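Chains, contacts and geometry: an overview
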Amino acid sequence: MQLFPVECPRCREKLRRNGETLNCSGCGIIYPRNSGITDFLTSLSLATELMGICDYFDNFAVNYDSMIVTMVEELKCPWWEYSELIERVMVEARKKLIVDLGCGTSFPVGSFIPADSHYLGLDISFEMLKQSHSLFEDNSNASFWRIDVERLPLHDNSADLCLAFFSFNVFINLEEIIRQANRVLKADGEFFGNIALTLPQENSLQPFRRISAQQLKKLLTGLGRRGRELVTERRGDILFFHLK
Ligand SMILES: C[S@@+](CC[C@H](N)C(=O)[O-])C[C@H]1O[C@@H](n2cnc3c(N)ncnc32)[C@H](O)[C@@H]1O
Ligand SMILES: [Zn+2]
């Protein structure tokens, strides 16, 4: 069931569900659905750098969850503390449209989505999305889109909560993605996520780039709506942010 309107990322016309596919009434494009994942990238080409990132995560998708646990511990945050902090915010997120930007395998956040909310997992990597999809036994409150989040096909003011766990360290055009998140967030919407303040050890997650706490603050407050409060919480070398 489609609970929220979706627009064509190419021409911004409304998309209609036709069985398993989403069809554009404007440009006529048909977005297919494979293994429960709607693929918006069939008609949009990815820049070479983004294709490299996509290949990287496609290759590591099966082992990604154990890699992320290792990374969190390397960043001096015990795993239980990391997942507990995410759970604490997510249990409050009832009856919301939750949009996870660069959702990867949705681990661990996928386990904490309230049953009366809808989780929309967005990623460019089909293999990561396949892992994410398998985490949700009953998919009635979850959707998965293969898409570049720089081109979010959601209406303005439609989402209640945007998430971004470690994906700010990987996004190429972070500024544009934060702008898009602010566009789709409702006036009382919230943005919750985290960044790694130091880079993981060599041989682990290569596409990571360094972002400082100052850069993050500047981006979130500079591009966000006025009147929102930015709360940050540091655990080891991981900085959680909550814009609300
Ligand atoms: C470091 S992983 C984070 C995954 C997950 N959020 C987590 O908590 O571990 C970054 C993810 O962002 C995705 N990604 C990178 N650039 C993207 C883009 N422009 N649009 C959508 N997904 C993107 C990658 O494929 C990867 O799955
Ligand atoms: Zn279209």
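Anything mentioned here points back to the structure above.
Let us look at the coordination of the zinc ion (ligand 2). At 2.3 Å from the zinc ion (ligand 2) lie its protein donor atoms, namely Cys8 (SG), Cys11 (SG), Cys24 (SG) and Cys27 (SG). What the four donor atoms of the zinc ion (ligand 2) show is an angle range of 96 to 119° at the metal, which sorts the shape as tetrahedral. Positions of the donor residues of the zinc ion (ligand 2), expressed as sequence spacing, correspond to C-x2-C-x12-C-x2-C. Residue class for Cys8 comes out buried when judged on its relative accessible area of 0%.

On to the packing of aromatic side chains, then. Scanning the model with the defined rule gives 20 aromatic pairs in all. Residues Phe165 and Phe192 carry aromatic rings whose centres are separated by 5.6 Å and whose planes lie at 85° to one another, so their mutual orientation is edge-to-face. Taken as a pair, Phe165 in strand S9 (residues 159-165) and Phe192 in strand S10 (residues 185-196) lie far apart in primary sequence, 27 residues in all. Judged on exposure class, the residue Phe165 and its partner Phe192 are both buried. Here the aromatic rings of Phe192 and Phe240 are separated by 6.2 Å at their centres, their planes lie at 20°, and the arrangement is stacked. With Phe192 in strand S10 and Phe240 in strand S12 (residues 238-243), this residue pair connects regions lying 48 residues apart in the sequence. Accessibility classification places Phe192 together with Phe240 in one group, the buried group. Taken together, the ring pairs in this structure connect Trp79, Tyr82, Phe107, Phe165, Phe166, Phe192, Phe208 and Phe240 into an aromatic cluster.

This next bit is on helix H1 (residues 48-60). The terminal C-alpha atoms of H1, which comprises 13 residues, lie 19 Å apart, in line with the 18 Å expected from a rise of 1.5 Å per residue. Contacts from the buried residues of H1 go to helix H2 (64-74), helix H4 (126-135) and strand S8 (142-146).

Strand order in the open sheet formed by three strands is S1-S2-S3, and the pairing between neighbours is antiparallel. Each edge of the open sheet is held by one strand with a lone partner, namely strand S1 (15-18) and strand S3 (30-31). With four bridges joining them, S1 and strand S2 (residues 21-24) adopt antiparallel strand pairing. Of the residues in S2, the one forming a bridge with Asn18 is Thr21.

So, about the pattern of salt bridges. Applying the stated criterion to the full structure yields 15 salt bridges. A salt bridge links Lys130 to Glu127; the shortest N-O distance between them is 3.3 Å. Taken together, the residues span about one helical turn, with Lys130 and Glu127 both in helix H4 at a distance of three residues. Look at Lys130 and you get partly exposed, because its relative accessible area is 33%.

Taken together, 21 residues form the shell around ligand 1, and within it Tyr64, Gly102, Asp123, Asp148 and Phe165 come nearest. One of the backbone N or O atoms of Gly102 is found 2.8 Å from a nitrogen atom in ligand 1. Ile124 has a polar backbone atom sitting 3.3 Å from a nitrogen atom of ligand 1. Relative to its unbound accessible area of 600 Å², ligand 1 is 99% covered by the protein chains. Looking at which element gives the most residues to the shell around ligand 1, the answer is H1, with three residues.

Cut-off values and rules
- Residues numbered from 1 in each chain as written.
- Chains lettered and ligands numbered in written order.
- Predicted model: local features only at pLDDT ≥ 70, side-chain atom pairs only at ≥ 80, totals over all residues.
- Heavy atoms only, no water.
- Donors = N, O, S within 2.8 Å, 3.2 Å for Na, K, Ca; no water.
- Tetrahedral: all angles 85-135°; square planar, octahedral: opposite > 155°, others 65-115°.
- Buried < 20%, exposed > 50% of the residue type's maximum accessible area, 1.4 Å probe, protein only.
- Phe/Tyr/Trp six-rings, centres within 6.5 Å; stacked < 30°, edge-to-face > 60°.
- Helix = DSSP H or I, 4+ residues; strand = E, 2+ residues; numbered from the N terminus.
- Expected span 1.5 Å × (residues − 1).
- Contact = heavy atoms within 4.5 Å.
- Pairing = 2+ DSSP bridges.
- Salt bridge = Lys/Arg side-chain N within 4 Å of Asp/Glu carboxyl O.
- Near = heavy atom within 4 Å.
- Polar contact = N/O pair within 3.5 Å; in protein donor to acceptor, adjacent residues only side chain to side chain.
- Areas by Shrake-Rupley, 256 points an atom, 1.4 Å probe, with all protein chains shown as cover.

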